[in-house]
Structures are given as structure tokens and as C-alpha cells.
Amino acid sequence: MEPLKRIKRRLYPALARHTSHTALVEGPLKVCGVPFRCLLVDNGNFTEHLQARMYGDAPKLLRQGRIWNPLLARRVIAANPGFDLCVAVLPQGYGWLFNRLCTFEARPHVRQVIATDGPWDAIRSGFHRKKKELSGKLETKFGLDYRLSREASDLALYYHRMYLPLVRRQFGPLAVVESYEKILERFRRGFLLFVTQGGEPVAGALCTTADRTLKFHSGGVLDAADRYIKGGAQMALYYFQLRLAEAGEFDALDAGRSRPFLNDGVYRTKREWGAAARPDDDNEPHVFLFAPRLSEALAHFFVENPTIVCSEQGLKAVVGFTGEVNDEAKTRLTRQFGAPGLAGLCLVSAGSAAPLDLPFPRPGVHTHAAIDQPTPPVGYSAN
């Protein structure tokens with residue numbers, strides 16, 4: 001290896017911790033078409049995922065470069081910073097500098113956990129009505145069952161014909177694929193749960209156990225085939241893990257991580273099975289959101305991308321609103337966006353001096369009004 005390359009490789013960890021890639025992009029928001037300019041600061045893939053959510057087509061790149069992270073403070077407090085929103089994904093340790101400057105602070109993921117310490121009827125009562133209907137058909141109508149495996153020979157089937165095909169089908173170029181070695185490491189500490197049909201495995205989940213918790217790490221469907229997905233095999237992974245957790249006297253099913261957006265397909269599916277959102281602080285960077293003002297464009301952004309953020313009261317949902325903020329609207333929004341694990345809403349509307357805080361009547365109260373719309377295909381993110 002050339003001396004210059006060796007030096008760069010040794011310096012990169014420090015460089016990556018204290019400097020970040022920046023991109024100033026602009027384009028119409030995906031649904032409403034309102035022009036939106038965003039400064040993205042990130043060394044990972046969170047903002048790449050966010051761009052795909054925000055814009056229907058690739059946005060126009062106005063400027064890109066690198067910034068020394070502490071200097072970002074000057075940019076975000078400038079009188080005319082030149083963006084509608086800055087999203088900065090920075091390592092842990094920068095909270096002291098930015099948490100008083102940012103409008104909101106989040107994490108790249110939230111964790112979702114389903115309580116299983118009660119009887120089956122109590123667990124099932126937390127399901128969305130569609131999941132209640134589905135769960136009653138998985139065994140009788142679709143003929144699905146499950147079995148557990150700790151056989152090393154089964155891991156290749158799971159990884160190559162279930163996990164990889166589903167992840168690649170659902171996430172395409174944004175897929176985060178774990179290596180076989182990483183999956184094997186977890187398998188040695190856990191087991192596979194196979195959903196079977198006619199005795200043959202058609203879907204699988206990689207699980208471990210710890211502290212009376214069953215943990216769902218990743219899942220897949222055989223060849224990502226439509227006939228198995230439409231036949232309930234993918235959804236059966238949650239159902240049979242819940243049955244296993246309840247029968248095995250586990251207190252909870254840790255359903256893994258999801259992106260922190262209320263309309264994210266992975267988040268919504270786990271919520272429909274009764275999962276509560278929890279902070280995910282395990283070596284996660286911080287996502288700082290800086291808004292120079294509460295503009296109409298910013299309100300539209302949060303209408304299309306309702307985001308789970310951190311607060312002193314716990315996790316909250318930032319939701320945009322473009323109508324008249326009256327008592328009727330407040331009641332409707334708290335009913336619509338209430339969800340297990342969330343303490344309240346932060347409402348962003350054009351012209352307001354600050355986000356409006358709307359606490360829920362009690363922590364975690366929720367209806368399923370917000371998830372009665374069609375749900376995108378469900379995927380399984382690595383934990």
C-alpha cells in the first residue's frame with residue numbers, strides 16, 4: 001500500500017468523527033410539489049434514505065463539500081442560512097453544542113417492543129383490526145405453522161433464499177445488507193423460526209433471547225415470492241414469534257428497529273402488531289433538525305414526513321399542519337397520531353412562533369386512525 005493511502009486510512013476515523021459531508025439540495029416535495037431546500041450533513045446513509053422519502057425525483061444538487069462539525073453552529077444560527085431545513089447526523093458527543101440550537105433532535109432509528117407478559121387475549125387486544133383478522137386466518141385458511149431450528153445447515157437457506165431476496169426486493173439500492181458472518185454470529189447465540197406450509201419452510205426469522213425478551217433481528221421470505229407474501233407468510237413471522245414469546249413466558253418481543261417516521265412501512269407494520277416505540281440509543285448518532293423559521297414549506301415537509309423525535313418528556317411525533325389550528329383540529333390530530341410509546345405531538349404550522357406542544361391525554365394512548373391507509377411493503381431492518 002502506498003504511504004499516502006496508509007496515512008489517509010489511519011486518519012479517516014478521526015476525520016469522519018469531526019468532519020462531515022454536506023449537500024445542499026432543492027426540489028419539489030414528493031406529494032404536494034412545494035419547493036423545498038435542504039442542507040444535508042451526514043457521513044452515513046440516513047440522509048440518502050430521507051432524500052428518497054422527500055423528493056419524487058432526484059433533487060437538484062446546489063452545492064456539496066465537507067464541514068468541520070463545530071463550524072456548523074455558525075451556519076444554522078445565521079440570519080439567512082439559505083435552507084428550509086438542515087438535517088445533520090452527527091456522532092454522539094455533539095449534543096452539548098447542538099441540542100440548544102436545534103429545533104428537534106432525533107435518532108436514525110426507533111426500537112419497537114411488544115409486551116407479551118399477559119395472556120394471549122391481552123396481547124391480541126393491541127393488534128390493529130386488520131391484524132386481528134389476519135391472525136385468525138394464518139393457521140386455518142393459509143395452513144401455516146412454525147418450527148424452530150438451530151441446525152447450521154438451515155442458515156444458508158435462510159440467508160441466501162429468504163433474507164437476501166426480501167431485503168433487496170424491498171429496499172433496492174438503499175438496502176443495508178448484513179454479511180453472512182454477522183448473521184452467523186447471531187445465529188450461534190440464537191435460532192431460526194421458520195414459518196412452514198405443508199411442512200416446508202416458506203419464511204424465516206433470526207431470533208435471540210436475553211433478559212426475558214425474545215428479539216427479532218431480521219426476516220425473509222423464500223425467494224421473496226409473491227405467492228408466499230400474499231399467502232401471509234411474511235406477516236406470520238410476527239404472529240408466530242408472539243405465540244412463541246407468550247408460550248415461553250417472555251415479557252416482550254423486541255421487534256427491532258425502524259426508521260423514525262410515522263408513515264414508514266416497517267414502523268407501521270410493527271405498530272399494527274401492537275409495538276410501542278422506544279428510544280434506540282445503542283451507539284446511534286444524533287439527528288439534529290434545524291429550521292430557521294416555521295414556514296409553509298416546513299409544515300408541508302412534516303405533513304409528508306411525520307417524525308419521531310426525542311424530548312424531556314419522552315418520544316414525541318412532529319407533525320405538520322396547513323389548516324386552521326383550532327380545538328377540533330387539535331383533538332383530531334392527537335387521536336390520529338397517538339401511538340404506543342409516544343408522549344405527545346409537536347405541531348408545525350406556517351407562521352407560528354414555535355411548534356405547538358400537544359400532549360396526549362395519557363402516555364401511549366392511541367387509535368388506529370393513522371394506519372388505516374394502505375401500507376407499503378414491509379421489510380426487516382438489521383438491528
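Details of the structure are given in the entry above.
Residues numbered from 1 in each chain as written. Predicted model: local features only at pLDDT ≥ 70, side-chain atom pairs only at ≥ 80, totals over all residues. Heavy atoms only, no water.

(A) Summary view of the nonpolar core. Tyr 158, Val 195, Leu 214, Leu 242 and Trp 273 are the most contacted members of the largest nonpolar core, which has 49 residues in total. Residue assignment for this core shows that the elements contributing at least two residues are helix H5 (120-124), helix H7 (152-171), helix H8 (180-189), strand S8 (190-197), strand S9 (200-210), strand S10 (213-221), helix H10 (233-247) and strand S11 (252-258). Examining the composition of this core, we find that 10 residues originate from one element, H10, more than from any other. Setting aside chain neighbours within four positions, we find Val 195 in contact with Leu 144, Asp 145, Tyr 146, Glu 200, Pro 201, Val 202, Ala 203, Ala 233, Ala 236, Leu 237 and Phe 240. (Core = buried A, V, L, I, M, F, W, Y, C linked by side-chain atoms within 4.5 Å. Buried < 20%, exposed > 50% of the residue type's maximum accessible area, 1.4 Å probe, protein only. Helix = DSSP H or I, 4+ residues; strand = E, 2+ residues; numbered from the N terminus. Contact = heavy atoms within 4.5 Å.)

(B) Fine view of the layout of surface pockets. Computed from the structure, the second largest pocket encloses a volume of approximately 440 Å³. Taken together, 15 residues make up the lining of the second largest pocket; nearest its centre are Asn 99, Thr 103, Cys 310, Ser 311 and Glu 312. Top contributing element to the lining of the second largest pocket by residue count: strand S14 (residues 307-311), with three residues. A per-class count over the lining of the second largest pocket returns seven nonpolar, four polar and four charged. (1 Å grid on protein atoms, 1.4 Å probe; cavity = no way out; pocket = protein on both sides within 12 Å on 5 of 7 lines; lining within 4 Å. Points joined across faces, edges and corners; volume = space filled by probe spheres on them. Nonpolar A, V, L, I, M, F, W, Y, C, P; charged D, E, K, R; others polar.)

(C) Fine view of the sheet that holds strand S7 (residues 144-149). Strands sit in the order S7-S8-S9-S10-S11-S6-S12 across an open sheet of seven strands; the sheet is mixed. On the outer flanks of this sheet lie S7 and strand S12 (276-279), each paired with one strand and no other. Averaged over neighbouring strand pairs, the angle between their axes works out to 35° when direction is ignored. As paired elements, strand S6 (residues 110-115) and S11 share five bridges and run antiparallel to each other. (Pairing = 2+ DSSP bridges. Axes fitted to C-alpha atoms, helices over the stretch in contact; angles between N-to-C directions.)

(D) Quick peek at the pattern of salt bridges. Evaluated as defined, the whole model comprises 13 salt bridges. For Arg 111, the salt bridge goes to Asp 280, with nearest N and O atoms at 3.1 Å. You can see Arg 111 sitting in strand S6 and its partner Asp 280 sitting in the loop between S12 and strand S13 (286-290), a full 169 residues away along the chain. Owing to a relative accessible area of 2%, Asp 280 belongs among the buried residues under this scheme. A salt bridge links Arg 257 to Asp 280; its shortest N-O distance comes to 3.5 Å. Here Asp 280 lies in the loop between S12 and S13 and Arg 257 lies in strand S11, a separation of 23 residues in the sequence. (Salt bridge = Lys/Arg side-chain N within 4 Å of Asp/Glu carboxyl O.)

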